[in-house]
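As a plain string of letters, each chain reads:
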Amino acid sequence: MPDHPLDPSLPQEHLQHDSFYHHFLSVETPHPMQGITEYLKKIILGFNTAEFAGLKQQILLLSERYEQINPSELKALSAEIQSQLNSVEYQCHTNAAEFEALKQQILSLSEQYEQIDWSELKTLSAEIQSQLNSLEHQFHDPAYLTELMVPCITEILNRRIQNSKTEVIQALLPIIDELVRLKAQQNRQQMSQAIATLIPLAIQHQIQTSPKEMAQAIAPEMGAAIQEQIRLDQDEIIKALAPTMGKAIQEQIILERDAMVDALYPVIGSTITRYLAEALREINQKIETALSIQGIQRKIRAKMQGVSEAELILLEAIHSKVQAVLLIHKASGLLITEIQQEGEYRLDSDMLAGMLTAIRSFVNDCVTNHQEIRELNEIEYGDARILIEVAGYCYLAVIMQGEPHQQFIHKIRKTLSNIIQQHSQLIQNFDGNQENIPVDVKQQLQPLILKEQPPQKRQIPILLILLVLFLLGLIFVPWQMAEARRRENHQAEMKARAALTTEPELALYPVNVDAAQANQTLTLSGKVPSQRLRQQVETILQQTLPSWNLDNNIIAVQVPANPEQVEAEVKQMTAALNQMNGISISTEYNSPKVRLQGTVIQSEEIENVIQAFEKIKGVESVQSQLTLQPFPIATRIYFNLNSAEIIERDFDEKIRLISQYLKKYPQLRVKLIGYKDRREIGLYQNIGLKRSQAVQTALESYGIDRRRIEVNQATGIPPGVTPNQRQWLNRTVMIEIIHDNSNS
Amino acid sequence: MIYKKICLIGDFAVGKTSLVRRFVDRQFSDQYLSTIGVKISRKKINLSSPETDNPQVMQLMIWDIEGQTRFKDIAPSYLQGSSGAVIVADLTRQDTINHLPQHIDLFLSINPQGVIVIAFNKTDLVKYESILQRFQNNKSFKQEQVTLVYQTSAKTGIYVDEMFNHLAQNLI
């Protein structure tokens, strides 16, 4: 602990050291504080840390001393002074204004502390003043100052930064940009090199933190940058963009199709329009010629010659001849390559190329408005024409005579597109030197010079012939089959009709037989009076044509018959039947019934008679009271052994009756069959016949015509006789009535 | 065979067509017929290259473009593909000389690599001193691609052939 400086007992060195006290003591100032301030003013410009520390300490001591008086206020005073001095400690210089402030502060403080023991303060201030004085000198010396400062600076800065970073930053802020700019001006390279390594990372960081800003920053000059790149090395950009071009366009189309359309329209629009127009024209032409006679003729000719129709069309334009084909560079009008027809007159092709280009440019610029791009397609003069097919950097001019056909135009286009695909770069950069163009290009133009093609070797059109035969066959065979079937049907019909004509009843009621409909089926149609007749037709036809089906559409019509007519018919039928042998009937007609009465000889006759009446139109039912009347007389005449003589008694009993019967039925005829006994042999072999003859004679004697009697003999036993019966039964003549089956 | 396209550009009535006629047809006529659109002429030139012995033949396609101002829009498409240009001014008309830079710029904008020759035409009508003076006044077109400047006269034929030949030599 150093000696207390205000202790008067202290050695004088302390006081005499050019200190503040000394000054304070020595200076005769009206006001002690004024002295202090004067002194401070003088020395405040310099300081020495050590001395300052000493000064500080002194003040502290002073403050301690006067703590009793007014500890807090003094503390405040001392703190105040301390802080002021602290601030001075770190300042390199100050100025009058600052000092003024300091002065003012001290003055104000002084006013507060009048009561303070000024003498002591004077000493203190003198001390302080002296210290500060020494510092002042030092402070004025910039070299000394600098040397002083230099070791401390880093320390100061470090400590400051540790303590309060932001303040340092704030302090340095205003000058940093100036620093960098000036340095850059001074030495650009160095500065750029220094920053260079940071820049990529910096950009990365920036992109991470705020990508939009980055984009916005670069964006305005992106275009110029790419342009620059294109100028330097076109291929790089091309290679970079090419892979995504297609997708990019796709994407754009998805996003905003119209923009794409608008972008491409000037180029494509007119092309499409033109092609559409051509296609329509082609279709129209095709429709016109397809069904025209010329078209059909051509098709036939094409097939016959085995040549495609297209070639024929081409050949048809026989006047069509290509004189020259020129491939011309679009921009300069220079001729890239050409092909001309041999012989005759050679076109001045390079002049033509130039003029065509000039005309094309003129038309494009003057005639069309600049929104669209339209191209000159064709120049017609007389019967010749120049066809122009335009691509990106070149165009083909075809000078020809005659009408160009669509196929030819296709050919031109295809040739041009091939050439472009293969040699686009060469063509684009064509500089007039024809040797740079490969021979291949000229060769590709060669096919366009149309010459008359020799017709192709005629192939035997086997296929055609077969086709024709097949077609004919297709027509012919079914026709024949139809014919055959028709004939078959016709035959069947005829046959059926013939069969039906045998049925006389159908003469009145014609039945139509139609065989044409289905397979093997006869269709019957017509009207008949009764169901029975209808059925009968069917039956007949089934018999005649058993293999055919019958479709019976005959209608059985119940014709209401005229009752008088029917009665007449019934009477007629009765009379007719009565004339038949063995039938004796009478009929009664009560519409529509017929009642039969009478006798018939044989049972079959009953059925026949009934049927006969049923057949009459108008007769619905027949009531039969017909009775069977067998032969009323004995039918056998017996003889004695070996005799052919009729017994007398029989004449009266049998012969007479038989003759009476026969007279009753004059139509009847009889058959006599003579039998013999088995014992009658030898001479009496033919006794049977003799017996029959005897009966015949007997009957004749009774007035029966001989011709009504048939005589016969039979061997064997007469019917109904058994061998073990008496022999006399065998010696007989049977009388049989001969039926006349003519009642149909 | 090498083909090259060159254009003649300049204001109207400076003598472009006359120059071409003099060069191609070896003729001159005082009559003024305004060219409409473009007139294409052709001239075969035998080039002698000192390196190789074989003399090369070049076909020069000369596009004589009309000078009327109202067709300014069309000229660019005619200029396309040109390897070189002859830009003509009339020594008797100062404004044609003043318009030279515009023509040069137009041509170079379409053919940045093109070769330019400037022809101050109608020297036969102008005194020597004033030629010099005018020439001094117009050094503004000292661009790399202007190879040479000629003072020609289509009427007398002076420097016409030289100019075209020089241009042709420089085209390869």
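Residues numbered from 1 in each chain as written. Chains lettered and ligands numbered in written order. Predicted model: local features only at pLDDT ≥ 70, side-chain atom pairs only at ≥ 80, totals over all residues.

Okay, the overall build of chain B next. Each helix and strand counted, chain B has six helices and six strands in total. Expressed as a percentage of the 172 residues in chain B, the buried residues total 41%. Counted over contacts in chain B with a minimum sequence separation of 6, partners at least 24 positions apart contribute 74%. (Helix = DSSP H or I, 4+ residues; strand = E, 2+ residues; numbered from the N terminus. Buried ≥ 20, exposed ≤ 12 C-beta atoms within 10 Å, placed from the backbone. Contact = placed C-beta atoms within 7 Å.)

Okay, the overall build of chain A next. For chain A, the count of helices and strands is 26 helices and 15 strands. Across the 744 residues of chain A, 22% fall into the buried class. Considering only residue pairs separated by 6 or more positions, chain A has 65% of its internal contacts joining residues 24 or more positions apart.

Next up on the list: the confidence of the model for chain B. Low-pLDDT stretches of the model should not have their predicted coordinates read in fine detail. When pLDDT is averaged across chain B, the result is 79; 78% of the residues are at 70 or more. Interface confidence for the predicted complex, given as ipTM, is 0.80, next to a pTM of 0.41. (pLDDT = per-residue confidence, 0-100.)

A separate point is the interface of chain B and chain A. Counting from both sides, the interface comprises 19 residues of chain B and, opposite them, 20 residues of chain A. Elements with a minimum of two residues in the side of chain B that touches chain A: β1 (2-10), β2 (38-47), β3 (56-65) and α2 (75-79) of chain B. The element contributing the most residues to the side of chain B that touches chain A is β1 of chain B, with four residues. Tallied by class, residues from the side of chain B that touches chain A come to eight nonpolar, seven polar and four charged. (Nonpolar A, V, L, I, M, F, W, Y, C, P; charged D, E, K, R; others polar.)

Nonpolar side chains in soluble globular proteins generally cluster together in the buried interior. Counting 72 residues, the largest nonpolar core has Ile 328 of chain A together with Val 86 of chain B as its most contacted members. No other element matches the seven residues that strand β5 (residues 394-401) of chain A contributes to this core. Ranked by size, the runner-up nonpolar core spans 21 residues in total, among them Tyr 675, Ile 687, Leu 699 and Val 733 of chain A. (Core = buried A, V, L, I, M, F, W, Y, C linked by C-beta atoms within 7 Å.)

Quick look at the pairing of strand β5 (residues 115-121) of chain B now. All names here are of chain B. Most of β5 sits out of view: seven of its seven residues are buried. Side chains of β5 alternate between two faces, with Val 115, Val 117, Ala 119 and Asn 121 and Ile 116, Ile 118 and Phe 120 buried alike. In terms of strand pairing, strand β4 (residues 84-90) meets β5 through seven bridges, oriented parallel. Directly across from Val 86, in β5, lies its bridge partner Val 117. (Pairing = 2+ DSSP bridges.)

Here we take up the sheet that holds strand β7 (residues 521-528) of chain A. Residues and elements named next belong to chain A. Taken in spatial order, the three strands line up as β6-β7-β8 in an open sheet, and their pairing is mixed. Two strands lie at the open edges of the sheet, namely β6 (511-514) and β8 (549-556), each paired on one side alone. Along the sheet, successive strands turn relative to each other by an average axial angle of 15°, direction set aside. Of the strands in this sheet, β6, β7 and β8 touch helix α22 (residues 531-544), which is tilted by about 160° from β8. (Axes fitted to C-alpha atoms, helices over the stretch in contact; angles between N-to-C directions.)

A word on the sheet that holds strand β14 (residues 709-713) of chain A. Residues and elements named next belong to chain A. Taking strand neighbours across the sheet as the criterion, the four strands line up as β12-β15-β13-β14 in an open arrangement whose pairing is mixed. Two strands close off the open sheet at either side, each with one partner strand: β12 (636-638) and β14. When strand polarity is set aside, the average angle formed by the axes of neighbouring strands in this sheet is 20°. In this sheet, strand β15 (residues 732-738) lies alongside β12 in antiparallel orientation, the contact comprising three bridges. Bridge pairing in β15 links Ile 637 to Val 733. The strands touched by helix α26 (residues 687-701) within the sheet are β12, β13 (669-674), β14 and β15, with β14 carrying the most contacts at an inclination of about 160°.

Another aspect to go through is helix α17 (residues 349-367) of chain A. Between its terminal C-alpha atoms α17 of chain A stretches 26 Å, which fits the 27 Å expected from 19 residues at 1.5 Å a residue. All buried positions along α17 of chain A are accounted for by Asp 350, Leu 352, Ala 353, Gly 354, Leu 356, Thr 357, Ala 358, Arg 360 and Ser 361 of chain A. (Expected span 1.5 Å × (residues − 1).)

Residues and elements named next belong to chain A. For chain A, the average pLDDT comes to 76, and 77% of its residues sit at 70 or higher. Residue range residues 26-30 is modelled with pLDDT below 50. Its contacts to residues more than four positions away, or to other chains, number three contacts. In the model, residues 452-458 has pLDDT below 50 throughout and makes seven contacts with residues more than four positions away in sequence or in other chains.

Once that is clear, we can look at helix α24 (residues 603-614) of chain A. All names here are of chain A. Its twelve residues place the ends of α24 18 Å apart at the C-alpha level, agreeing with the 16 Å of an ideal helix rising 1.5 Å per residue. Along α24, the residues that are buried comprise Glu 605, Val 609 and Phe 613. The arc that holds every buried residue of α24, seen down its axis, measures 65°, which confines them to one face. Opposite its buried face, α24 presents the exposed residues Ser 603, Glu 604 and Gln 611, each directed more than 90 degrees away. Next to the buried residues of α24 lie α23 (563-578), β9 (583-590), β10 (593-600) and β11 (621-628). (Arc of directions from axis to C-beta.)

To continue, consider unusual backbone geometry. Residues other than glycine seldom take positive phi values, yet Asn 642 of chain A does so here, at roughly 55°. Among the secondary structure elements, Asn 642 of chain A is positioned in the loop between β12 and α25 (648-664). What makes Asn 642 of chain A partly exposed here is the crowd of 15 C-beta atoms within 10 Å. At Lys 122 of chain B, a residue that is not glycine, the phi angle is positive and equals roughly 65°.

Residue and element names in this part refer to chain A. Viewed as axis vectors pointing N to C, helix α11 (residues 198-209) and helix α12 (residues 211-232) meet at an angle of 120°, and their least axial separation amounts to 5 Å. The orientation of α11 with respect to α12, classified from their angle, is oblique. Every residue of α12 that contacts α11 at Ile 203, Gln 206 and Ile 207 is listed here: Pro 211, Glu 213 and Met 214. Counted by class, the contact of α11 with α12 contains four nonpolar, one polar and one charged residues. (Parallel < 35°, antiparallel > 145°, perpendicular 65-115°, else oblique.)

So, on to the environment of Gln 625 of chain A. Residue and element names in this part refer to chain A. The residue Gln 625 is located in strand β11 in this model. Given 11 C-beta atoms within a 10 Å radius, Gln 625 is considered exposed. For the pair Gln 625 and Ser 586, spaced 39 residues apart in the sequence, the C-alpha separation amounts to 9.8 Å.

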